[in-house]
Amino acid sequence: MIFWIVVGWVGFCLLPWYGVEDGLFSFRWLVDGYPFDEDYAPALFLIGQGEKLWLAPLSIPLALPLLALGRAKSDPAFARILILSGALGFAWLIAQGFGIGIRGFSYAWMNALFGELGDRQFGMGYGAMLCATAFLFLLTQGIAARGAVNGDVFVVSAIGGVIVIVTAFVFFPIAKMLFAAFVTEEGGYSIRVFTSKFFDDRLWGLACLSGGRCGAAWNSLFLAVAVGFITTLLGLAFALVATRSGFRFKRALRALTVLPIITPPFVIGLALILLFGLSGSVTVFIADLFGVQPTRWLYGLPGVLIAQTLAFTPIAFLVLIGVVEGVSPSMEEAAQTLRANRWQTFRTVSLPLMRPGLANAFLLGFIESMADFGNPLVLGGNFDVLSTEIFFAIVGAQYDQGRAAVLAMVLLFFTLSAFYAQRAWLGKKSYTTVSGKGDAGVHPLMPVGLALPVLCIALAWALFTAVVYVMILYGSLVELWGVNNTLTFKHYVTAFSVRFEAEGIRWSGAAWDSFWTTITIAAIAAPLTAAVGLVTAYLLTRQSFAGKNAFEFGTMLSFAIPGTVIGVSYILAFNVPPIEITGTGIILVVSFIFRNMPVGVRAGIASMSQLDRSLDESSLTLGANSWQTFRRVILPLLRPAILAALVYSFVRAMTAISAVIFLVSAEYDMATSYIIGRVENNDYGLAIAYSTTLILVMLAAVGLLQLLVGRVQIGRRTQPSKGIST
């Protein structure tokens, strides 16, 4: 409690209350008029100068906790004081933040009630953020003192923290965007506007049954279900080969499996066009071999399905590898001791225990397919899907935010339906396999009848993936893709040339600025994403509290909305106070955290569902609190989930397209927006060379993360190294 009292007063008295013009990471304010300059002054100095007097009431809730000093936590007054202080302070911060903007009062009724303000305020800065944080955690400590969640301060604080940040950075911006579905041309609200756009034939049409085109909603649903099933099966195949076979080249297979997730989607699309397009090398070869006319079969459902399967299979693999490794070897050995053969053991013991991973892998594949717009944009042809329709509604000549919002609602309905179907399939069964007892077992190899087809499927898909990436590398090394195939390094030189001058190294390449910005943003976002995701997963699997279902819904919401909608909603929500971060690097970090957080949540849930609660109980019985138990017992057993969250969030921040298009600025340009600019200028060689460089950088980063995080070793023995059935 004392810590948060100090934090609140430091924010109020010592740090700039409003956002610094040069950004949160600039400290020039220390020598530029601080603390008396109005732009950099703390709240206390602003009030002392007769400015921003609406901040003065905050001193009351900041002083209230001082009355709780010296009181026992069991004293009812202790809890009441902290709750009153936190609730009053937080509520007043929100009220004044939304009520007063850059032009005075934000609402006409406030002008009518109080008159013109004649003053303004900007978005919160260091001081406001510290005060808000202090009020929040004083409130949660008071709630814990009243006995909520057994009086566990860490758990109550974690729940409160996640609820606040998810509300601020998920619910609030999406609500701002979705309200646009009911806005009329005059600026009012009408249900008729919504219904006219919702029942559009372009959305729900079934003309495909008579040879025409189906609506975007049905196309998206069919595509997402197909991608979910295929990617889950392929991910399981790769996970089994990596953990349950004697295949010698497991590490190379793992690296090849992860390749598509670290590639901008449109680059995979371009490689597929080079292979299977109307003038593609494979298409032309088959046409000449069999004497048939080349077709445009790739454009439409087949091409999008292939591209999305390539792009999203690694997600399923990253989720399933931890689950497959997490099945206790002793349970499988027990089945074999009871005379079950390998096939029976796999079918009746191993596979049922993998159901959480299978369900989460399908859900992520389904949602990714629904929200993806890069692949349908390149390969969709006349196959309309919701994500591209939303994109064109926002960036097209029509600029119809209402239509985009209606389409987003339909997409959200489909993804939430998949979410609840997944929960119903899992039911309330227990999938615990790891307990506090020692486990010296070893995972059995797959039965021959399963190992051969699984290995063939995995190797065939890995070979296909390798061919696609050979074409990508080839495209970066030719003068002009498809026209002049002379080999050259000029694209790499143009993008990443370096000069050594007397003053030092000069990064003279055209792509360096966006490259360093992307690396920095991704490196900041990745650990924060993993931390928020895994703490949320811990709360969902280990704690029971009111509103738990709504809590889980909120953590998945941002993943169910297309990045285009996320980008526009962030601009609408964070372009004005109280959170004014549009055009800064912070908005990119925040968007990546909450866009990618669900992967950490789902991976953590899948892995934690296999850990027996007796591990937690033993730690608590020995005197550890919840935070120590989480840090010393749970986290070390979640290394696959941690790796999945870190890898996915880092590479997605490096390769994100949809939201980035709307959120980049001149100062914070990302690699993907730079690449898209090169593609729009028909400079395909430089675009692919840049993408190839990103792939190599991310491969190195993934390997480093694998080395730093390590892997869970459940058994103490190792598998036989030879063969697939011995």
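Residues numbered from 1 in each chain as written. Predicted model: local features only at pLDDT ≥ 70, side-chain atom pairs only at ≥ 80, totals over all residues. Heavy atoms only, no water.

In terms of helices and strands, the protein chain carries 32 helices and six strands. Taken over the C-alpha trace, the protein chain has a radius of gyration of 28 Å; the compact-globule value for 726 residues is 27 Å, and the two agree within 12%. Each principal axis of the C-alpha atoms in the protein chain carries an extent, and together these give about 85 × 70 × 65 Å. Here the protein chain holds 726 residues, and the buried ones make up 55% of them. Within the protein chain, residue pairs in contact and separated by at least 24 positions form 74% of the contacts whose partners lie at least 6 positions apart. A total of about 31600 Å² of accessible surface is found on the protein chain, and carbon and sulfur atoms cover 65% of it. (Helix = DSSP H or I, 4+ residues; strand = E, 2+ residues; numbered from the N terminus. Rg over C-alpha atoms; globule rule 2.2 N^0.38 Å. Buried < 20%, exposed > 50% of the residue type's maximum accessible area, 1.4 Å probe, protein only. Contact = heavy atoms within 4.5 Å. Areas by Shrake-Rupley, 256 points an atom, 1.4 Å probe, with all protein chains shown as cover.)

Now for the confidence of the model for the protein chain. Confidence in the prediction of the protein chain, expressed as mean pLDDT, is 83, and 92% of residues score 70 or more. Per-element mean pLDDT across the protein chain ranges from 73 in helix 15 (residues 329-337) up to 95 in helix 3 (residues 59-63). Ignoring residues within four places in sequence, the model shows residues 721-726, a span with pLDDT below 50, making 17 contacts including any to other chains. (pLDDT = per-residue confidence, 0-100.)

Together, I94, F98, Y107, W109, L113 and F114 give the surface a local cluster of nonpolar side chains, amounting to about 650 Å² of exposed area. Those elements giving two or more residues to the nonpolar patch turn out to be helix 4 (76-99) and helix 5 (108-114). Looking at the nonpolar patch element by element, the count peaks at three residues for helix 5. Its place among the elements puts W109 in helix 5. (Patch = residues over 30% accessible without salt bridge, like charges linked within 9 Å, V, L, I, M, F, W, Y side chains within 5 Å. Salt bridge = Lys/Arg side-chain N within 4 Å of Asp/Glu carboxyl O.)

Moving on to the packing of aromatic side chains. Geometrically, a pair of aromatic rings is defined through the distance of the ring centres and the angle of the planes. Tallied over the full model, the rule gives 40 aromatic pairs. For the pair W512 and F515, a centre-to-centre distance of 5.6 Å together with 85° between the ring planes defines the contact as edge-to-face. Separated by three residues within a single helix, W512 and F515 lie in helix 23 (residues 512-542), roughly one turn from each other. An aromatic cluster of three or more residues is present, and its members are F182, F194, F198, F199, W204, W218, F413 and F414. Its end group placed over the ring of Y674, R678 keeps NZ or CZ at 5.6 Å from the ring centre. (Phe/Tyr/Trp six-rings, centres within 6.5 Å; stacked < 30°, edge-to-face > 60°. Lys NZ or Arg CZ within 6 Å of the ring centre and 35° of its normal.)

Relative to the elements of secondary structure, I688 occurs in helix 32 (residues 684-709). For I688, a relative accessible area of 1% corresponds to the buried category.

Now for the pattern of salt bridges. A full pass over the atoms with the stated rule returns eleven salt bridges. Between E38 and K52 there is a salt bridge, with its nearest N and O atoms 2.6 Å apart. You can see E38 sitting in the loop between helix 1 (2-13) and helix 2 (43-48) and its partner K52 sitting in the loop between helix 2 and helix 3, a full 14 residues away along the chain. Owing to a relative accessible area of 4%, K52 belongs among the buried residues under this scheme.

Here the focus is helix 27 (residues 613-621). Of all the positions in helix 27, only L615, D616 and S619 are classed as buried. For helix 27, the arc enclosing every buried residue in end-on projection is 95°, short of the 170-degree limit, so these residues lie on one face. G623 sits one or two residues past helix 27 and shows a positive phi near 100°. (Arc of directions from axis to C-beta.)

Let us look at helix 4. Spanning 24 residues, helix 4 covers 34 Å between terminal C-alpha atoms, matching the ideal 34 Å at 1.5 Å per step. Taken as a whole, helix 4 has its buried residues at A77, F78, A79, I81, L82, S85, G86, G89, L93, Q96, G97 and G99. Looking at the buried side of helix 4, the elements it contacts are helix 3, strand 1 (100-101), strand 2 (104-105), helix 5 and helix 6 (126-145). (Expected span 1.5 Å × (residues − 1).)

If you trace the backbone, T655 turns up in helix 29 (residues 639-655). In terms of polar contacts, T655 uses its side chain to reach the backbone carbonyl oxygen of V651, at 2.8 Å. (Polar contact = N/O pair within 3.5 Å; in protein donor to acceptor, adjacent residues only side chain to side chain.)

Let us now look at the side chain of S369. Inspection of the secondary structure puts S369 in helix 17 (residues 355-371). Leaving out residues up to four positions away in the same chain, S369 has contacts with L223, A224, V227, Q308 and F312.

Quick look at the state of the cysteines now. Following the criterion strictly, the structure yields zero disulfides and no others. Here C131 stays free of any disulfide, with the sulfur of C13 as its closest cysteine sulfur at 8.2 Å. The exposure class of C131 is buried, given its relative accessible area of 0%. (Disulfide = S-S within 2.5 Å.)

Our next topic: the environment of A132. Assignment of secondary structure puts A132 in helix 6. When the C-alpha atoms of A132 and L305 are compared, they prove to be 46 Å apart, with 173 residues separating the residues in sequence. Once you skip the residues sitting within four places of it in the chain, A132 turns out to touch F90 and L93.

Before going further, it helps to examine the packing of helix 23 against helix 26 (residues 585-608). Following both chains from N to C, one finds helix 23 and helix 26 inclined at 40°, their axes separated by 6 Å at the closest point. Judged on the interaxial angle alone, helix 26 and helix 23 are oblique. In the crossing of helix 23 with helix 26, the sense of the turn from one axis to the other is right-handed. Among the residues forming the contact of helix 23 with helix 26, the class breakdown is 17 nonpolar, eight polar and one charged. (Axes fitted to C-alpha atoms, helices over the stretch in contact; angles between N-to-C directions. Parallel < 35°, antiparallel > 145°, perpendicular 65-115°, else oblique. Left-handed = near helix turned anticlockwise from the far one by under 90°. Nonpolar A, V, L, I, M, F, W, Y, C, P; charged D, E, K, R; others polar.)

The next subject is unusual backbone geometry. A cis amide bond links P577 with the next residue in sequence, P578, at an omega value of 10°. Within the secondary structure, P578 is located in the loop between helix 25 (563-574) and helix 26. Of note, K52 is a non-glycine position whose phi angle comes to about 50°, a positive value. Of note in this structure, V149 is not a glycine but carries a positive phi near 50°. Position of V149 relative to the elements: it lies in the loop between helix 6 and helix 7 (153-178).

This part is about the environment of G322. For G322, the position within the fold is in helix 14 (residues 301-326). Expressed as a C-alpha distance, the spacing of G322 and G50, which sit 272 residues apart in the sequence, is 59 Å. In this structure, G322 is in contact with Q610 and P640, ignoring residues within four places of it in sequence.

On to the packing of helix 15 against helix 16 (residues 342-353), then. Axis separation between helix 15 and helix 16 bottoms out at 9 Å; the angle between their running directions is 145°. Remark: the crossing between helix 15 and helix 16 carries right-handed chirality. Contacts between helix 15 and helix 16 involve M331, E332, A335 and Q336 from the former and R342, T345, V349, S350 and L353 from the latter. Tallied by class, residues from the contact of helix 15 with helix 16 come to four nonpolar, three polar and two charged.

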